[in-house]
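# A structural walkthrough
What follows is the residue order along each chain.
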Amino acid sequence: MDYLKKGGDILLKTPDLDLDETLDCGQAFRWERLGSGSDCTYHGFMLNTPLTVSAEKDFFIFHDTDEETFQRVWIPYFDLETDYTEIKEILSRDVTLEKACAYAGGIRLLRQDSWESLCSFIISQNNNIPRIKGIIGRLCEMYGGFPDYTQMKGIVPDDLASLRAGFRAKYIADCVEKLNSGEIVIDEVKRLPVDEARKVLMTIKGVGPKVADCALLYGMHRIECVPMDVWMKRVMEQFYPDGFPEFVLPYAGIAQQYLFHYMRTGGQGE
């Protein structure tokens, strides 16, 4: 990873990053592509820090970004200090993963805020991406940005009616109550063995294994977690009926990202 400051922008040169593959693959819901075609620009947020980022020939341009914010927020968020070339070399010892990595080798696992990710994936249940983005957008409008759970203390489902979240409102309210009461402490969950962490998150109403694993993978960077949706169940049934090979397991969550995209977008037919 190399970068330089040019005017008010940061110009980044790094391998193994594709904005479309990373920001529009279902792991985060607050990014919007600006324009269409080959000009690739996204605007979005990490919590309440905004960013407009573009891909050009040799650089990624982090517009209107100072170096302190780039180092503190965006280097961790885009996981820029992790060697994805090395990870893909390890995963590519498996034939199917070799194809998946070659098909969408620019996917990176975003290091999202733990609370924002947990709340977002509670909202994602039995939902599609446009509706998820709409509910999260209305939540941000209600609070003037993505709220901390402490700002939401004492809410009841009826308080969230304007979100049009349906049955998910009672799950959000229960999550907020458990976090504010101290029944669940996110920083402690991060440090637990993954099976215990999953069990704790599943004490929240409406949080099953998939949502818990999404929160752990995307919000706590527990890269051993593999959220099982319909696409990943098909992947496992078709290619890994006995589970992943041993060498994949330390990177199973990253492998899942490549395989999910490979299966969902039709790459497996190539």
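Structure: above.
Quick summary incoming for the structure in this document. (Residues numbered from 1 in each chain as written. Predicted model: local features only at pLDDT ≥ 70, side-chain atom pairs only at ≥ 80, totals over all residues. Heavy atoms only, no water.)

## Here we look at the pairing of strand β2 (residues 9-13)
This is how it is decided: In this scheme, strands are said to pair when DSSP sees at least two bridges between them. Where helices and strands are cited, they refer to DSSP runs of H or I of at least four residues and of E of at least two residues respectively, numbered from the N terminus.
Sheet topology places strand β1 (residues 2-6) next to β2; five bridges connect them, and they run antiparallel. By the bridge assignment, D2 is partnered in β2 with K13. Hairpin remark: β1 followed by β2, antiparallel, with two residues in the connecting loop; positive phi at G7, about 65 degrees. Where β2 and strand β6 (residues 60-63) come together, three bridges link them in antiparallel fashion.

## Considerations on helix α4 (residues 95-103)
Stated precisely, the cut-off is as follows: Any residue under 20% of the maximum accessible area for its type is buried, any over 50% is exposed, and the rest in between are partly exposed; the area is computed with a 1.4 Å probe on protein chains only. The directions from the helix axis to the C-beta atoms form the arc being described. We call two residues in contact whenever any of their non-hydrogen atoms come within 4.5 Å of each other. In protein, a polar contact means a hydrogen-donor-capable atom and an acceptor-capable atom, both N or O and within 3.5 Å, with residues adjacent in sequence counting only if both atoms are side-chain atoms; elsewhere, any N or O pair within 3.5 Å suffices.
Among all positions of α4, only T96, L97, A100 and C101 are buried. Seen end-on, α4 carries its buried residues on one side only, within an arc spanning 130 degrees. Turned more than 90 degrees off the buried face of α4, the exposed positions are V95 and A102. Check the buried side of α4 and you find it contacts α3 (84-91), α11 (230-239) and α12 (252-264). One side-chain oxygen of the residue at the start of α4 lies 3.2 Å from the amide nitrogen of T96, identifying that residue as D94.

## Focus: the nonpolar core
Selection criterion: Residues belong to a common nonpolar core when they are buried Ala, Val, Leu, Ile, Met, Phe, Trp, Tyr or Cys residues joined through side-chain atoms within 4.5 Å.
Grouped together as the largest cluster of nonpolar side chains are 67 residues, with contacts concentrated most on W115, I122, L201 and F244. Residues in contact with F244, not counting those within four places in the same chain, are V226, M232, M236, L249, A252 and L259. With 22 residues, the next largest nonpolar core counts I10, F62, Y77 and L110 among its residues.

## Focus: the pairing of strand β5 (residues 49-55)
In this sheet, β5 lies alongside strand β4 (residues 40-46) in antiparallel orientation, the contact comprising seven bridges. Within β5, the residue paired with F45 across the bridge is P50. Connecting β4 to the antiparallel partner β5 that follows it, the hairpin turn spans two residues, and L47 within it adopts a positive phi of roughly 55 degrees. Sheet topology places β5 next to β6; four bridges connect them, and they run antiparallel. The residue bridging T52 from the neighbouring strand is H63, located in β6. Connecting the antiparallel pair β5 and β6 is a turn made up of four residues.

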